[in-house]
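# A closer look at the structure
What follows is the residue order along each chain.
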Amino acid sequence: MTDASVLARCEGYGVYTQLAHVGTVESVRMSAGENRPASLTVRTGLLGNWLLEVPADQVAEVSPRERRLVLRSGGLVERVRRGEADTPGD
């Protein structure tokens, strides 16, 4: 289990799987009415033009010193979308 207070402040951290770099945390979405992260928006892709929504419970470890987090093996991605094509309601 990861520390919610550290995870809540992980904007800019590198996101990795056990095998590769996935992207960079762009924002953290908090659970409504709770003081814990619900999901992370991760910017990814060769040109950084894709956004992944990753549920916070899919984070296996967070390393503040290295500004890095690792996703669980076989982790679930909630949603994938083009970063430049965001529209209201996305």
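Please refer to the structure higher up on the page.
Notes on the structure in this doc start here.

Thresholds, definitions, all that
- Residues numbered from 1 in each chain as written.
- Predicted model: local features only at pLDDT ≥ 70, side-chain atom pairs only at ≥ 80, totals over all residues.
- Heavy atoms only, no water.
- Pairing = 2+ DSSP bridges.
- Helix = DSSP H or I, 4+ residues; strand = E, 2+ residues; numbered from the N terminus.
- Salt bridge = Lys/Arg side-chain N within 4 Å of Asp/Glu carboxyl O.
- Buried < 20%, exposed > 50% of the residue type's maximum accessible area, 1.4 Å probe, protein only.
- Contact = heavy atoms within 4.5 Å.
- Polar contact = N/O pair within 3.5 Å; in protein donor to acceptor, adjacent residues only side chain to side chain.

On to the pairing of strand β5 (residues 59–63). Sheet topology note: the β5/strand β6 (residues 68–71) ladder contains 4 bridges and is antiparallel. For glutamate 61, the partnering residue across the bridge sits in β6 and is valine 70. Taking the residues that link successive antiparallel strands as the turn, the β5-β6 hairpin has 4 residues, and the phi of arginine 67 there is positive, at about 50 degrees.

So, on to the pattern of salt bridges. Here the structure, examined in full by the defined rule, presents 3 salt bridges. Notably, a salt bridge pairs arginine 43 with glutamate 26, separated by 2.6 Å at the nearest N-O pair. You can see arginine 43 sitting in strand β3 (residues 37–44) and its partner glutamate 26 sitting in strand β2 (residues 21–30), a full 17 residues away along the chain. Residue arginine 43 is classed as partly exposed on the basis of its relative accessible area, which comes to 25%. In this structure, glutamate 34 and arginine 36 form a salt bridge, with 2.6 Å as the shortest nitrogen-oxygen distance. You can call glutamate 34 partly exposed: its relative accessible area is 40%.

By the secondary structure assignment, threonine 44 is in strand β3. Residue threonine 44 is classed as buried on the basis of its relative accessible area, which comes to 14%. Taking the C-alpha atoms as reference points, threonine 44 and threonine 24, separated by 20 residues in sequence, lie 6.7 Å from one another. Residue contacts for threonine 44: discarding those within four places in its chain leaves Val22, Gly23, Asn49, Trp50 and Leu52. In this structure the side chain of threonine 44 is engaged in a polar contact, spanning 2.3 Å, whose partner is the backbone oxygen of valine 22.

Keep in mind these numbers describe shape, not what the thing actually does.
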